[in-house]
Amino acid sequence: MSKALENLLREDRKFEPSPQFTAQANARSGIHEEADADYQGFWHRQALERISWYKEPTQVLDDSNPPFFKWFSDGELNLSYNCLDRHLESHGDQVAYHWVGEPGDTRSLTYADLHAEVGRFANGLKSLGLEKGDRVAIYMGMIPELPIAMLACARLGLVHLVVFGGFSSEALASRILDSDCRIVITQDGAWRGGKVVPLKANTDLSVVQTPGIEHVIVVRRTDNEVAMMDGRDIWWHDLVEGQSTQCDPVALNAEDPLYILYTSGTTGKPKGIVHTQGGYLTSVVTTHSFVFDIKPDSDVYWCAADIGWVTGHSYIVYGPLANRTTGVMYEGAPNFPDFSRFWQIIEDYKITIFYTAPTAIRAFMKWGDEHVAKHDLTSLRLLGTVGEPINPEAWIWYHHNIGNENCPIVDTWWQTETGSIMITPLPGAIATKPGSATMPFPGIAADVVDEEGRSVPLGGGGFLTITKPWPSMARTIYGDDQRYIDTYWTRFPGSYFPGDGCKRDEEGYYWLLGRVDDIMLVAGHNISTTEVESALVSHPSVAEAAVVGRKDELTGQAIAAFVTLRASVEGDEALLGQLRDHVATTLGPIAKPASIVFTNDLPKTRSGKIMRRLLQDISENRQLGDVTTLANADIVQEIADMADSGSADS
Ligand code: ATP
Ligand code: MG
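Residues numbered from 1 in each chain as written. Chains lettered and ligands numbered in written order. Predicted model: local features only at pLDDT ≥ 70, side-chain atom pairs only at ≥ 80, totals over all residues. Heavy atoms only, no water.

Chemist: With reference to specific residues and values, describe the overall build of the protein.
Modeler: Looking only at helices and strands, the protein has 21 helices and 30 strands in total. On C-alpha atoms alone, the protein measures out to a radius of gyration of 24 Å, which is about the 26 Å that the 2.2 N^0.38 rule sets for 650 residues. Its C-alpha atoms give the protein principal-axis dimensions of roughly 70 × 60 × 50 Å. Counting only residues that meet the buried cut, the protein has 63% of its 650 residues in that class. Within the protein, contacts between residues at least 6 apart in sequence are counted, and of these 71% link residues at least 24 apart. (Helix = DSSP H or I, 4+ residues; strand = E, 2+ residues; numbered from the N terminus. Rg over C-alpha atoms; globule rule 2.2 N^0.38 Å. Buried < 20%, exposed > 50% of the residue type's maximum accessible area, 1.4 Å probe, protein only. Contact = heavy atoms within 4.5 Å.)

Chemist: Give a detailed account of the packing of aromatic side chains, specifying residues and quantitative values.
Modeler: All told, the structure shown has 39 aromatic pairs when counted by the stated rule. Aromatic pair phenylalanine 42 and tryptophan 43: ring centres 5.0 Å apart, planes at 70°, arrangement edge-to-face. Of the two residues, phenylalanine 42 and tryptophan 43, both sit in the buried class. Between phenylalanine 463 and phenylalanine 492 the ring centres are 5.4 Å apart and the planes differ by 55°, which places this aromatic pair in the tilted class. Here phenylalanine 463 is found in strand β22 (residues 461-466), whereas its partner phenylalanine 492 is found in the loop between α17 (481-488) and β24 (500-504), with 29 residues between them in sequence. For the pair formed by phenylalanine 463 and phenylalanine 492, the shared burial category is buried. An aromatic cluster of at least three residues, connected via ring pairs, comprises Trp302, Tyr330, Phe339, Phe342, Trp343, Phe354, Phe364 and Trp367. (Phe/Tyr/Trp six-rings, centres within 6.5 Å; stacked < 30°, edge-to-face > 60°.)

Chemist: Which residues make up empty space enclosed by the protein, and what values go with them?
Modeler: The full count for this structure, using the stated rule, is four cavities of 30 Å³ or more. Reported here for the largest cavity is a volume of approximately 70 Å³. Elements with a minimum of two residues in the lining of the largest cavity: α18 (529-537) and β28 (542-552). Counting residues per element, the lining of the largest cavity draws most heavily on α18, which supplies three residues. Among the residues forming the lining of the largest cavity, the class breakdown is four nonpolar, two polar and five charged. Considering the residues around the second largest cavity, the lining is formed by 13 residues, among which Tyr97, Tyr301, Ile316, Pro320 and Gly327 are closest to the centre. (1 Å grid on protein atoms, 1.4 Å probe; cavity = no way out; pocket = protein on both sides within 12 Å on 5 of 7 lines; lining within 4 Å. Points joined across faces, edges and corners; volume = space filled by probe spheres on them. Nonpolar A, V, L, I, M, F, W, Y, C, P; charged D, E, K, R; others polar.)

Chemist: Describe the domain arrangement of the protein, listing the residues and the values that go with them.
Modeler: Per the domain assignment, the segments of the protein are domain 1 (445-515) and domain 2 (523-645). Relative placement of domain 1 and domain 2: their C-alpha centres are 27 Å apart. Listed per partner, the contact involves five residues of domain 1 and four residues of domain 2. When domain 1 packs against domain 2, the two sides together hide about 310 Å² of surface, and 42% of this comes from carbon and sulfur. For the domain 1 face of the interface with domain 2, the top three residues by lost area are Lys503, Leu513 and Arg515, together amounting to 87%. The closest approach of N and O atoms between lysine 503 and glutamate 531, which form a salt bridge, is 2.8 Å. Here the side of domain 1 that touches domain 2 takes four residues from strand β25 (residues 510-515), the largest share from any one element. (Domains from an automatic or database assignment. Buried area = accessible area lost by both parts, 1.4 Å probe. Salt bridge = Lys/Arg side-chain N within 4 Å of Asp/Glu carboxyl O.)

Chemist: I'd like a description of the sheet that holds strand β23 (residues 476-477), backed by residues and values.
Modeler: Read from one edge of the open sheet, eight strands run β12-β11-β8-β6-β7-β14-β15-β23, paired in mixed fashion. Looking along the sheet, the strands with just one partner apiece sit at the ends: β12 (233-235) and β23. (Pairing = 2+ DSSP bridges.)

Chemist: An account of the pairing of strand β16 (residues 300-303) is needed here, citing residue identities and associated values.
Modeler: Here β16 shows a buried face lined by Val300 and Trp302 and a second buried face lined by Tyr301 and Cys303. In terms of strand pairing, β16 meets strand β17 (residues 326-330) through two bridges, oriented parallel. Bridging across to β17, valine 300 finds its partner in threonine 326.

Chemist: Account for helix α19 (residues 573-587), with residues named and values stated.
Modeler: Here α19 contains 15 residues, and its C-alpha end-to-end distance of 22 Å stays within 8% of the 21 Å for a straight helix at 1.5 Å per residue. Among all positions in α19, only Leu575, Leu576, Leu579, His582, Val583 and Ala584 are buried. Those residues of α19 hidden inside the fold are in contact with α18, β28, β29 (556-565) and β30 (595-598). Positive phi appears at glycine 588, one or two residues downstream of α19, with a value of about 115°. (Expected span 1.5 Å × (residues − 1).)

Chemist: For the nonpolar core, give the residues involved together with the corresponding values.
Modeler: Counting residues in each nonpolar core, the largest one holds 108 residues, and the members touching the most others are Phe121, Leu125, Ile185, Phe292 and Tyr318. Per-element tally for this core: the top contributor is helix α7 (residues 145-156), with nine residues. Setting aside its immediate chain neighbours within four residues, leucine 125 contacts Leu130, Ala152, Cys153, Leu156, Leu158, Ile183, Ile217 and Leu239. In terms of nonpolar packing, the next biggest core, distinct from the first, is built from 30 residues, Ile345, Ala360, Ile390 and Trp397 among them. (Core = buried A, V, L, I, M, F, W, Y, C linked by side-chain atoms within 4.5 Å.)

So, in structure tokens, the structure goes:
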């Protein structure tokens, strides 16, 4: 460990805003108070100031039928117009996306280019007889045609359903059936890690199970041979051939559906979350602008998520384009052709704002600092993270190695269901603490409550709740209002329950503790898996850790840990002992893992989140549960074998 890094770790771990953000801090002082005093007024003002409406809303929140809340429901707008047309007159030549293909090819699309492509494709969709409200599945990799397809749907009032290109044909089929789509848009193949993922072939396997699908539209991206079925399958380039670039955006009601998106499936069967137009756009443009401190004329912004997840919907497509941001989109794997791909992209495009996930940061740490050190990252001024609680050690690494110690880090807590960022620092305005998402965004009312729903005083932990509606909240689970009520609105009547545990420190900072289902009860003590994992990751030999509570006759639950070591480290008995002691000294003896298994990898969802429920099944020798959203399925058996051998058990 470098001297500087050691010093950082020894500090009391609070980072005051860097001086270059003082102006923003001043501009934003009082904004939380202002929003607290009148949250509906705050959101109404954002809606009117940041969005172009055909008919401005006079109604703000309609809470006549909870939990089915509506926002701005007499307003009319079009999101494609807001993302494209309104920028054309003065900024048509500004780049909307610099796109980097995995094999090394590149494209840059200006706002005028994107507008023209969206117009042509929307006219193509119209020619197929699609009508407002029809559902359109999009099963693609990270190529420009993906946002083009989404925006074309938004232009016509079609409801898009983006399915992550890493999913199987089974996962695609079940989502198409659940949401009753009429067409699928896909590609011949997608580049990933130097190989072609056969998206069209997967789609063919899906659509034999989905009789509602009338057409499959196929983008030519690779030279992958594909079978085209007469009458059903259409090449994208044939569909847009001869189409006008002009396509009038349809005026939509603020509460018309915009998209359906399935949750990541970390905790079980994915839920088809429905988002609507006006409230959704209001929240995403406002949060994107504040949280990332967007300066449209100078920033180059890279959200390295996949558009198949909500992060991509809100912070690659709708938020950034509506805010006239210049963005970067990368097609492929972060380790192709080598471990420095991301840093090369940041250097090449002089990226100023970079947003990624803890799982990626832990991978970068594991691969070694030398891949980062070769590159000039001095263009960066702001960093973000989302997806899981970030281990403080990973936060510090990100701050030091990527941010050169002068970029604020925004740790953003939110979900598919919330549509937009809910708990987050505002750069410049809120001092950060590694591992804490800090404070609710202005206009968002959160609380931490106990089993009975009583607010827990500062310094205590419990269940995170959101106590007032917000514009981009999910409207329902598609086709299953009852599941929406049961999942989110029943546990704590009157509040939204996200399912996450949380603790607040004496200063009111929020520390997310992971899923409440993951919180362990060991000898009468509640212990969060997140905290034990972070304690393990703070050991210099550890790259990544997953912790579960397994049944134990003596203590109720015993802590079982699965640990991935850094590239150069060998795991042995001595290290096992050290790690257990390290956790005991960091968190107290009660948190000491009863068993530790060393493993090369951890089971994760396709979005990169650790799948603890599988590890729990392994630890308790149960039948393995649903693995359809599991990325590295082989590892499950491997870990099961190692756990069986029981060598690490105490
Ligand atoms: P499913 O709901 O199907 O189990 P999922 O919850 O993983 O899947 P997402 O909506 O993609 O699906 O993820 C949201 C969840 O991710 C949050 O509820 C929280 O548990 C976690 N999360 C996201 N960002 C953060 C963050 N900054 N800090 C802590 N946890 C986070
Ligand atoms: Mg969830």
